[in-house]
Structure formats: structure tokens, C-alpha cells
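Structure assessment
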Amino acid sequence: VAIVLAAVVAVNWPLGLVDGDGRMEERVKMAETHASAGRVAEAEDWLARSAPIYPYPEAANRRVAEGFALAAREATRRKQLDVALDLFQRAARLAPSDLGVRDQLGLALLLATRLDEAKTAFNAVVAGDPANADAWAHLAYIAVQQRDLAMARHYAGRALAITPTHPLASQVLAAIGPPQ
């Protein structure tokens, strides 16, 4: 096992596929500090130096994805949607099974009125977590925007079955009324 691991590291080291200096965690923390202070570009720069390239331990990918997501949330707060979308997409590529990142990507896409892409992101969330009332409610909102009232009722109903007082799902149903 040790020989195989050494061979993998030896082959991947020159390609930048391993954290050669062992300082990935330090760089991610520095990026998070910059992002929390509103310095999104600096955070992105630190994360770019930290972003692992496959093959890389899944935990390291998730850790760097957390940094990208934090920087993306700050970019969203500052209304830098293009930057936020790029950062959320990078986070989603690094941690494809992280439903929280998918949910945040969906929200950013929704803010950017990229409804089909937002729908894809929220569908991924509900596929992985069918009890996510917020994702169902966001799908209902998207369906209203796309004038698919039957699907909007269905999605809102799913959200309300999970959280009977869900505000967005309730608003969607109030806005579109009963079936005709």
C-alpha cells in the first residue's frame, strides 16, 4: 500500500495534483478571512492556489469547496453575481455531493434569473434530500416564473407537506390560486 501511495504521489507531484507544501488548510483559512472581510478577489486568489485537482482526497476537495462557497456568499451579498456564480460552480465541481453548495448555487442562479440552471441545481438538491422544503419551494417559484402552474402547485405542495407554514410555498399558492 505504501509503495502504491508513493507511486501515486510521485507521478502526480509535478502535475500539481497533490498539496506539495502541506499548507492547503492555511491557504483556505486565509481565503476565508479575506472573504469574511469582503475582499472576494483576494479570497479567490488564495483559493485558486489551494484548489486541488483530481485525484485528491475527498475531504480536501470539500474543505476547499467550503472556502469557495464562503467567498461566493460574500460576492452574492455584494451583488457581484457573476463572481458568485463562478465561485459556487467551482465549489460544486469540487464537492459534487454537497447539497448545501448546490442549494446556494441554485439561489445565486435564481438571483441571476438563470431559471433553467437554477431548476437543475434545486432538482439535484431534492434528489439528494427529498425533505428539503426550501428547495421544493424554490422549484415552485421557478415553475411560476416559467408559467407552469400545475408544477408550481405540485412543488409548493411538496414543500408544505414538509413544512406546513413554509412562507415561500404559501405565497406561491396564494399567488396562483386553486386549479382551474
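Above this text is the structure in question.
Thresholds applied
Residues numbered from 1 in each chain as written. Predicted model: local features only at pLDDT ≥ 70, side-chain atom pairs only at ≥ 80, totals over all residues. Heavy atoms only, no water. Salt bridge = Lys/Arg side-chain N within 4 Å of Asp/Glu carboxyl O. Buried < 20%, exposed > 50% of the residue type's maximum accessible area, 1.4 Å probe, protein only. Helix = DSSP H or I, 4+ residues; strand = E, 2+ residues; numbered from the N terminus. Core = buried A, V, L, I, M, F, W, Y, C linked by side-chain atoms within 4.5 Å. Contact = heavy atoms within 4.5 Å.

Observations concerning the pattern of salt bridges
- This structure, assessed with the given rule, holds four salt bridges.
- Here Arg114 and Glu117 are joined by a salt bridge, their closest N and O atoms 2.8 Å apart.
- Classification of Arg114 by relative accessible area gives partly exposed; the value is 30%.
- Here the residues in one salt-bridge network are Glu74, Arg77 and Arg78, joined through shared partners.

Quick notes on unusual backbone geometry
- With phi around 60 degrees, Lys79 is a residue other than glycine that occupies positive phi space.
- Residue placement: Lys79 occurs in the loop between α4 (58-77) and α5 (81-94).
- Non-glycine residue Arg147 carries a positive phi angle of around 60 degrees.
- Classification of Arg147 as exposed rests on a relative accessible area of 70%.

What to know about the nonpolar core
- Grouped together as the largest cluster of nonpolar side chains are 48 residues, with contacts concentrated most on Leu47, Phe68 and Phe122.
- Ranked by residue count, the leading element in this core is helix α8 (residues 133-145), at eight residues.
- Not counting chain neighbours up to four residues away, the residues in contact with Phe122 comprise Asp103, Gly106, Leu107, Leu110, Ala135, His138, Leu139 and Ile142.

What is shown is where atoms sit, not what they do.
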